[in-house]
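Observations on chain architecture
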Amino acid sequence: MQFMLAMVGEESGWDSSPEDMEKVVEDMENFNRELARAGALVDGAGLMPPSTASTVSFSEDGATVTDGPFAETKEHLAGYWVIEVASKDEALQWAMKVPVSEGKIEVREMMGYGKPVDLETFERLQVEAKNDLFEAVEKHAAGN
């Protein structure tokens, strides 16, 4: 069975100091590595802040594009994991291990299947993702 663990948080996390961000990244890397070692990690990523989002809405008149996420709320989808586990209970156990001090993790079974990532692939992708994250944080801090 595959599940999406959807991290819901506030955009204020993008205003963290570089030192705080280093700790968050390290904690997430360790959690992701644990998922990969267990053979449960299929996919996952953090998302850019909601200020970078656009939403396409559909009606009888056609499609309309607006800036921002679809919900008028302080909370937004901050990132996700796709995991492969034996049961919803196991997915919930993984969700309870996500290293966050506040926010929510929505756990939802998926329709469709990828393949778990091996540890070697995870390690390679983790380096690329970390570089991308810190570049995005620098741009955000600079107001770009």
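Keep in mind it's a predicted model, so treat the numbers as computed, not measured.

**Some thoughts on helix 3 (residues 119-141)**
Under the 1.5 Å per step criterion, the end-to-end length of helix 3 is 32 Å for 23 residues, consistent within 8% with the ideal 33 Å. For helix 3, the N-terminal cap is Asp118; the gap from its side-chain oxygen to the backbone nitrogen of Glu120 is 3.1 Å. Gly143 lies just past helix 3 and shows a positive phi near 85 degrees.

**Quick notes on the side chain of Gln2**
Inspection of the secondary structure puts Gln2 in strand 1 (residues 2-10). Judged by relative accessible area, which is 1%, Gln2 ranks as buried. A distance of 2.9 Å separates the side chain of Gln2 from the backbone oxygen of Gly114, its partner in a polar contact.

**Observations concerning the packing of aromatic side chains**
For any pair of aromatic rings, the description consists of the separation of the ring centres together with the inter-plane angle of the planes. Counting across every chain of the model gives 2 aromatic pairs. Consider the rings of Phe31 and Trp81, whose centres lie 5.4 Å apart with planes at 85 degrees: the pair is edge-to-face. Taken as a pair, Phe31 in helix 1 (residues 18-37) and Trp81 in strand 5 (residues 75-84) lie far apart in primary sequence, 50 residues in all. A relative accessible area of 2% places Phe31 in the buried class. Owing to a relative accessible area of 6%, Trp81 belongs among the buried residues under this scheme.

**Quick look at the environment of Pro49**
Within the secondary structure layout, Pro49 lies in the loop between strand 2 (41-46) and strand 3 (54-59). Each C-alpha atom, one on Pro49 and one on His76, is 8.6 Å from the other, the two residues being 27 residues apart in sequence.

Criteria and thresholds
- Sequence positions are assigned chain by chain, starting from 1 and proceeding in written order.
- Only residues with pLDDT of 70 or above have their local features reported here, since the model is predicted, and side-chain atom pairs are shown and tallied only from 80 upward, although totals for entire chains, interfaces and linings are computed over all residues.
- The side-chain numbers reported here are obtained from all heavy atoms of the structure, hydrogens and water having been left aside.
- Think of it this way: any DSSP run of H or I at least four residues long counts as a helix, any run of E at least two long counts as a strand, and we number them from the N terminus.
- Residue count minus one, scaled by 1.5 Å, sets the expected span of a helix.
- As used in this structure description, the phrase polar contact means that two N or O atoms lie within 3.5 Å; if the pair is within protein, one of them must be able to donate a hydrogen and the other to accept it, and residues adjacent in sequence are counted only when both atoms belong to side chains.
- Working definition: with a 1.4 Å probe on protein chains only, accessible area under 20% of the residue-type maximum means buried, over 50% means exposed, and in between means partly exposed.
- The rule is short: rings of Phe, Tyr and Trp, with Trp giving its six-membered ring, pair when the centres are within 6.5 Å, and they are stacked under 30 degrees, edge-to-face over 60, tilted in between.

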